[in-house]
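One letter stands for each residue in the lines below.
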Amino acid sequence: MGAEPSHAVRNLIGCALALLAVAIWSGWLVITRVAVTSSLTAEDLSALRFGSAGLILLPVLWRRGLALDRFGWRGIALIVICAGAPYVLMASHGLALATAAEAGVLIPGTIPLFVALISAFTVREQVGRIARVGLALIVAGIAAIVVPALLQAAGWQLAGYAICLVSAVMWAAYTIEARRAGVDALHATAIIMVISAALFIPIYLLLPGQRLWEASATEFWVQLIYQGPLTGIVALLVYTRAVALLGATRTSSFTALLPLSAMLLAIPVVGEWPTARIAIGAILAAIGVLLATAFARR
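The structure reproduced in this document is the subject of the present report.

What counts, and at which threshold
- Residues numbered from 1 in each chain as written.
- Predicted model: local features only at pLDDT ≥ 70, side-chain atom pairs only at ≥ 80, totals over all residues.
- Heavy atoms only, no water.
- Helix = DSSP H or I, 4+ residues; strand = E, 2+ residues; numbered from the N terminus.
- Buried < 20%, exposed > 50% of the residue type's maximum accessible area, 1.4 Å probe, protein only.
- Areas by Shrake-Rupley, 256 points an atom, 1.4 Å probe, with all protein chains shown as cover.
- Lys, Arg positive; Asp, Glu negative; His and termini not counted.
- Charge placed at Lys NZ, Arg CZ, Asp CG, Glu CD.
- Salt bridge = Lys/Arg side-chain N within 4 Å of Asp/Glu carboxyl O.
- Expected span 1.5 Å × (residues − 1).
- Contact = heavy atoms within 4.5 Å.
- Axes fitted to C-alpha atoms, helices over the stretch in contact; angles between N-to-C directions.
- Parallel < 35°, antiparallel > 145°, perpendicular 65-115°, else oblique.
- Left-handed = near helix turned anticlockwise from the far one by under 90°.
- Nonpolar A, V, L, I, M, F, W, Y, C, P; charged D, E, K, R; others polar.
- Core = buried A, V, L, I, M, F, W, Y, C linked by side-chain atoms within 4.5 Å.

### Overview of the overall build of the protein chain
The number of helices and strands found in the protein chain is 13 helices and zero strands. Reading the protein chain from its N end, one meets helices and strands in the order α-α-α-α-α-α-α-α-α-α-α-α-α. Judged by the C-alpha coordinates and their principal axes, the protein chain covers about 60 × 55 × 40 Å. Going through the 298 residues of the protein chain one by one, you find that 51% of them count as buried. Entry remark: accessible area of the protein chain is about 13,800 Å², with carbon and sulfur atoms responsible for 72%. For the protein chain, the distance from the average site of its 18 positive side-chain charges to the average site of its 11 negative ones is 12 Å.

Next comes the structure, spelled out in structure tokens:
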């Protein structure tokens, strides 16, 4: 009898941490959308993200090294490209052309789909029947958003959708490589952040048209804290802790909230009211992610 309250508390804490991670990631989509459609560029945001998170995580990398025995140089290059500066630049440029609600479906909403497809082709991983239903619903959610723009020949809009989907493919590739290597989340993040900072910051300082120095103090600090420590480190750590408390399958099911939470958060923050097709796409993708993640490994 005495163990039950402890188990219930662990479940409650795990759910709270998973929800916190989802809230931070939803906020990142919206706050990045605000920045890239107003005064800052994707390059500015990447400099803030990797400059701050890379500096914070430098001691971790110094103590634990590059994990070459797990990743190898090819693996290191893959995770830095697919979760480092190239990924953040790609996703941020996508958010400049697609709304936060659309990006919520096309990036986090499609990652399970691309993980399943890449795994099926590379390691012949089998997908369960219920998970296949979930993946089909994700495809339907994508179609609800993309097909009307395709019929209307909305060039820049379609470009934004394509960039978001490429971003999702990149993160899916990182997910598979990180899972293969078996390196813990903090160590892998330290590798990505520090190497990205070392490679990107010198390039950024040479780029023309930097707007970071023109931002107000409030905008600078909000973006600095959110892009780097909060999204790059805190969200990852609380999500990882939630996995330890709830298990990977139950925790991953919380990502089903991302398409809907990003859509709802964009209303008061950005003033972007979703159209019917976007709402339908978000709902379909959310149900699809729930089925694909919560039941794929059962």
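### Digging into the pattern of salt bridges
If the charged atoms of two oppositely charged side chains come close together, the side chains can form a pair. Going through the model one piece at a time under the given rule, you end up with four salt bridges. Between R33 and E272 there is a salt bridge whose closest N-O contact spans 2.6 Å. Highlighted residues: R33 in helix α1 (residues 3-36) and E272 in the loop between α12 (258-270) and α13 (276-294), separated in sequence by 239 residues. Both residues of the pair, R33 and E272, count as buried. Among the salt bridges present, the one from R277 reaches E102, with a minimum N-O distance of 3.6 Å. Residue R277 is found in helix α13, and its partner E102 is found in helix α5 (residues 100-106); the two are separated by 175 residues along the sequence.

### Re helix α8 (residues 155-181)
Every α-helix winds through 3.6 residues per turn, so residues three or four apart in the chain are directed the same way. Given a rise of 1.5 Å per residue, 27 residues ought to cover 39 Å, and the 39 Å separating the end C-alpha atoms of α8 matches this to within 8%. A positive backbone phi angle near 75° is found at G182, which sits one or two residues after α8.

### Regarding the environment of P108
Summarising the element assignment, P108 is placed in the loop between α5 and α6 (111-122). Accessibility expressed as a relative area gives 16% for P108, which makes it buried. Sequence separation of P108 and A98 is 10 residues, and the distance between their C-alpha atoms is 14 Å. Residues within four places of P108 in sequence aside, it is in contact with L29, A103, L258 and V289.

### Side note on unusual backbone geometry
In this model, A67 sits at a positive phi of 55°, which is unusual for a non-glycine residue. Tracing the backbone shows A67 in the loop between α2 (42-64) and α3 (68-83). Residue classification places A67 among the buried positions, given a relative accessible area of 10%.

### Regarding the packing of helix α4 (residues 85-97) against α8
In a packed pair of helices, the relevant descriptors are the angle between the two axes and the axis-to-axis distance. Axis separation between α4 and α8 bottoms out at 8 Å; the angle between their running directions is 150°. One finds that α4 runs roughly antiparallel with respect to α8. Handedness of the crossing formed by α4 with α8: left-handed. From α4, P86, Y87, M90, A91, H93, G94 and L97 reach across to α8, where they touch W156, A159, G160, I163, C164, V166, S167, M170 and W171. Its residues placed into classes, the contact of α4 with α8 shows 12 nonpolar, four polar and no charged.

### A short note on the nonpolar core
Within soluble globular proteins, side chains that are nonpolar tend to cluster in buried spots. Residues F71, I79, Y161, Y174 and I191 are the most contacted members of the largest nonpolar core, which totals 75 residues. Here this core takes 10 residues from helix α9 (residues 185-206), the largest share from any one element. Those residues within four positions of I191 in sequence are excluded, and the remaining contacts are L61, G65, L66, A67, F71, I76 and I79. A21, V238, A242 and L246 belong to the second largest nonpolar core, which has 11 residues in total.

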